[in-house]
Amino acid sequence: MDQKKIDRINELARKAKSPEGLTEAETAERAALRKEYVDAVLGSLKGQLDHTYIVDEKGNKHKLKKKGE
């Protein structure tokens, strides 16, 4: 997600707190931008966890497993 979109999220958040509030179109835009931001953060986190290993006391590396595996 680029910085312009993050700045727009912040701009809409400030406007939502103001007395004038947001229009319906701005509320929909804010929801879409927030969803895109959350998806980007979760994708980044999943990528990090996919490349994370646990080292046991014997020095053996074990790849992290998904919950329930």
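Residues numbered from 1 in each chain as written. Predicted model: local features only at pLDDT ≥ 70, side-chain atom pairs only at ≥ 80, totals over all residues. Heavy atoms only, no water.

Honestly, the packing of helix 1 (residues 3-17) against helix 2 (residues 24-50) in this entry has me stumped. Any pointers?
Packed helices, taken two at a time, are described by the angle between their axes plus the distance between the axes. Here helix 1 crosses helix 2 at 135°, and the two axes come no closer than 10 Å. Accordingly, the angle class assigned to the pair helix 1 and helix 2 is oblique. Crossing handedness for the pair helix 1 and helix 2: left-handed. Residues K5, I6, R8, I9, L12, K15 and A16 of helix 1 lie in contact with helix 2, whose contacting residues are E26, E29, R30, L33, R34, E36 and Y37. Among the residues forming the contact of helix 1 with helix 2, the class breakdown is six nonpolar, no polar and eight charged. (Axes fitted to C-alpha atoms, helices over the stretch in contact; angles between N-to-C directions. Helix = DSSP H or I, 4+ residues; strand = E, 2+ residues; numbered from the N terminus. Parallel < 35°, antiparallel > 145°, perpendicular 65-115°, else oblique. Left-handed = near helix turned anticlockwise from the far one by under 90°. Contact = heavy atoms within 4.5 Å. Nonpolar A, V, L, I, M, F, W, Y, C, P; charged D, E, K, R; others polar.)

Hey, could you run me through the environment of E24 in this one?
Within the element layout of this structure, E24 appears in helix 2. Spatially, the C-alpha atoms of E24 and K65 are 43 Å apart, while their sequence positions differ by 41 residues.

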